[in-house]
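Analysis of the macromolecular model
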Amino acid sequence: MKIIALYGGKSAEHDISVLSTFSMLKSFYYDYYNVQLVYISKSGEWFKGPLLTAAPATQEELYLTAETGELIPTGAIKEEDAIVFPILHGPNGEDGTIQGLLEVLDMPYVGAGVLASACGMDKIMSKYILQQQDIPQVPYAPVSKMLWQENAEAVFEQCEGTLVYPMFVKPANMGSSVGVSKATNREELAAAIQEAFKYDQRVVVEQGIEAREIEIAVLGNEEVRTTLAGEVVKTVDFYDYESKYLDNSATLQIPADIPAEVHEKAREYAKKAYLAFDGSGLTRCDFFLTSNNDLFLNEVNTMPGFTPFSMYPLLWENMGIKYGDLIEELIQLGLMRHKQRANLSLDHA
Ligand SMILES: Nc1ncnc2c1ncn2[C@@H]1O[C@H](COP(=O)(O)OP(=O)(O)O)[C@@H](O)[C@H]1O
Ligand SMILES: [Mg+2]
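Going by the annotation in an unreviewed UniProt entry, the name recorded for the protein is D-alanine--D-alanine ligase, with Vagococcus coleopterorum given as the source organism. Heading Sequence similarities (unreviewed entry) of the UniProt record for the protein holds this comment: "Belongs to the D-alanine--D-alanine ligase family."

What follows is the structure, encoded as structure tokens:
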């Protein structure tokens with residue numbers, strides 16, 4: 001059997017994808033699988049690389065070019081006896097688009113399907129789903145581009161009418177804190193909205209809160225398992241792209257030092273959200289926890305960071321599942337899901 005590692009991507013989170021992929025490539029069980037590299041460049045070209053029977057030596061090798069790989073037509077990855085492992089974060093990868101392509105190609109793949117990927121990526125749609133499920137979240141106001149361009153004053157009134165400063169402004173479809181900023185007054189709010197619109201047509205403004213950040217890992221298809229919570233211990237008040245990936249100003253505390261009831265409550269919400277989003281494979285659910293122990297679900301990430309130092313695999317390691325075994329489990333879940341869906345469509349053919 002072959003694993004097709006699909007990584008890189010036309011996304012602001014390109015380099016994080018390469019980092020996750022390099023880590024994963026060290027842990028595949030090469031006795032059972034060969035790994036086919038398929039790299040999507042930042043400009044969206046697809047390169048097919050070598051078939052690996054062992055982990056590559058350096059991360060640089062993963063940035064394929066016309067010299068080191070073969071330029072293939074977009075999406076041309078159909079193969080028999082193969083499963084695709086999309087290790088793509090953010091738009092054009094984690095948002096259901098690649099998943100849709102793989103469904104059409106009838107290829108098994110690891111992780112969330114089209115619906116969960118698309119809804120999980122979209123911060124506004126996510127809020128509607130959580131609201132429907134009575135899962136607590138911070139107050140928010142969606143901002144449409146049309147209203148912003150035609151009547152910024154109305155947008156300020158809408159935000160200031162329901163929220164108080166500080167507010168957090170985010171593009172609806174992004175990740176890794178790209179385009180996210182904090183606003184403490186109207187002037188900053190205007191700048192923050194302007195900035196967020198660089199990344200998406202839709203923007204959401206949220207109530208800023210003083211809170212700890214705890215995360216739960218979810219694994220499974222129909223049978224859903226969750227971990228104890230881990231905490232991202234912040235040394236800066238805003239966990240932005242730089243602090244996340246560049247200067248290591250966040251450390252992970254696993255399990256989080258919080259009361260047992262809070263672990264339980266977070267696990268319950270995480271599972272409920274996973275089912276509501278029609279999750280499969282994996283997801284990381286990120287919460288805010290206030291000093292009164294109030295929990296707010298901030299977001300679900302259907303393809304969380306996956307280096308050996310990332311929260312998702314570390315949360316499972318704390319539950320007794322090792323990095324390599326976790327990857328194997330995800331592959332099995334992907335194969336199982338594909339088989340089940342194939343049986344469904346046969347029944348109705
Ligand atoms: N409403 C909020 N109140 C306080 N901090 C927030 C809020 N929203 C986001 N943040 C901070 O910004 C970071 C990035 O926001 P998040 O919603 O997680 O976006 P992303 O999808 O980019 O990870 C969070 O980890 C947190 O540190
Ligand atoms: Mg986040």
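There is more to say, and it comes next.
It is worth spelling out the overall build of the protein at this point. When its secondary structure is counted, the protein shows 11 helices and 15 strands. Taking 2.2 N^0.38 as the reference for a compact globule, 349 residues should give roughly 20 Å; the C-alpha atoms of the protein span a radius of gyration of 20 Å, in line with that estimate. C-alpha atoms of the protein, sized along the principal axes, occupy 60 × 50 × 45 Å. Per-residue burial over the protein gives 55% buried out of 349 residues.

Across the sheet, four strands lie side by side as β6-β9-β7-β8; this open sheet has antiparallel pairing. Two strands lie at the open edges of the sheet, namely β6 (140–144) and β8 (181–183), each paired on one side alone. Taken pair by pair, the neighbouring strands of this sheet meet at an average axis angle of 25°, ignoring direction. As paired elements, strand β7 (residues 167–171) and β8 share three bridges and run antiparallel to each other. Looking at β8, one finds that M167 is bridged to A183.

Time to look at the packing of aromatic side chains. Scanning all chains against the criterion turns up six aromatic pairs. Judged by centre distance (6.0 Å) and plane angle (75°), the ring pair of Y39 and Y63 falls under edge-to-face. Taken together, the residues span a long stretch of sequence, with Y39 in strand β2 (residues 34–40) and Y63 in the loop between β3 (46–52) and β4 (70–72) at a distance of 24 residues. Classification of Y39 by relative accessible area gives buried; the value is 5%. Relative to Y312, the ring of F306 lies with its centre 5.8 Å away and its plane at 40°, an arrangement referred to as tilted.

Counted by the stated rule, this structure contains three cavities of 30 Å³ or more. Looking at the largest cavity, the residues that line it are P86, L88, G93, E94, Q99, V110, G111, A112, S117, T302 and M303. In the lining of the largest cavity, the residues fall into five nonpolar, five polar and one charged.

How two helices sit against one another is set out by the angle between their axes and by the gap between those axes. Close contact between helix α3 (residues 114–121) and helix α4 (residues 123–132) brings their axes to 5 Å; oriented N to C, the two are set at 105°. As far as their axial angle goes, α4 and α3 are roughly perpendicular. Taken together, the residues of α4 that come into contact with α3 (itself represented by C119, G120 and M121) are K123, M125, S126 and I129. Residues that form the contact of α3 with α4 fall into these classes: four nonpolar, two polar and one charged.

Counting 39 residues, the largest nonpolar core has Y7, F28, F85, F306 and I331 as the members making the most contacts within it. Put simply, the parts of the chain that give this core at least two residues each are β1 (2–8), α1 (14–25), β2, β3, β5 (82–87), β10 (212–220), α10 (311–318) and α11 (323–348). Broken down by element, the residue count for this core peaks at six residues, all from α11. Of the residues that make up this core, three or more belong to each of domain 1 (2–109) and domain 2 (121–135 + 210–335). When near neighbours in sequence (up to four residues on either side) are disregarded, I331 contacts I3, F28, Y33, I83, F85 and V110.

A full pass over the atoms with the stated rule returns 18 salt bridges. For the salt bridge of D122 with R202, the shortest nitrogen-to-oxygen distance reads 2.5 Å. Of this pair, D122 sits in the loop between α3 and α4 while R202 sits in strand β9 (residues 202–207), placing them 80 residues apart in sequence. Taking relative accessible area as the criterion, D122 reaches 7% and is therefore assigned buried. A residue is classified by how much of its surface remains accessible, and R202, at 30% relative accessible area, is partly exposed. A salt bridge links D286 to R284, with the nearest nitrogen and oxygen atoms 2.8 Å apart. Here the two residues D286 and R284 agree in accessibility, since each one is buried. Each of E103, R337 and R341 takes part in a single network of salt bridges with overlapping partners.

About the thresholds
- Residues numbered from 1 in each chain as written.
- Chains lettered and ligands numbered in written order.
- Predicted model: local features only at pLDDT ≥ 70, side-chain atom pairs only at ≥ 80, totals over all residues.
- Heavy atoms only, no water.
- UniProt positions renumbered as here; feature names shortened; annotations may be inferred.
- Helix = DSSP H or I, 4+ residues; strand = E, 2+ residues; numbered from the N terminus.
- Rg over C-alpha atoms; globule rule 2.2 N^0.38 Å.
- Buried < 20%, exposed > 50% of the residue type's maximum accessible area, 1.4 Å probe, protein only.
- Pairing = 2+ DSSP bridges.
- Axes fitted to C-alpha atoms, helices over the stretch in contact; angles between N-to-C directions.
- Phe/Tyr/Trp six-rings, centres within 6.5 Å; stacked < 30°, edge-to-face > 60°.
- 1 Å grid on protein atoms, 1.4 Å probe; cavity = no way out; pocket = protein on both sides within 12 Å on 5 of 7 lines; lining within 4 Å.
- Points joined across faces, edges and corners; volume = space filled by probe spheres on them.
- Nonpolar A, V, L, I, M, F, W, Y, C, P; charged D, E, K, R; others polar.
- Parallel < 35°, antiparallel > 145°, perpendicular 65-115°, else oblique.
- Contact = heavy atoms within 4.5 Å.
- Core = buried A, V, L, I, M, F, W, Y, C linked by side-chain atoms within 4.5 Å.
- Domains from an automatic or database assignment.
- Salt bridge = Lys/Arg side-chain N within 4 Å of Asp/Glu carboxyl O.

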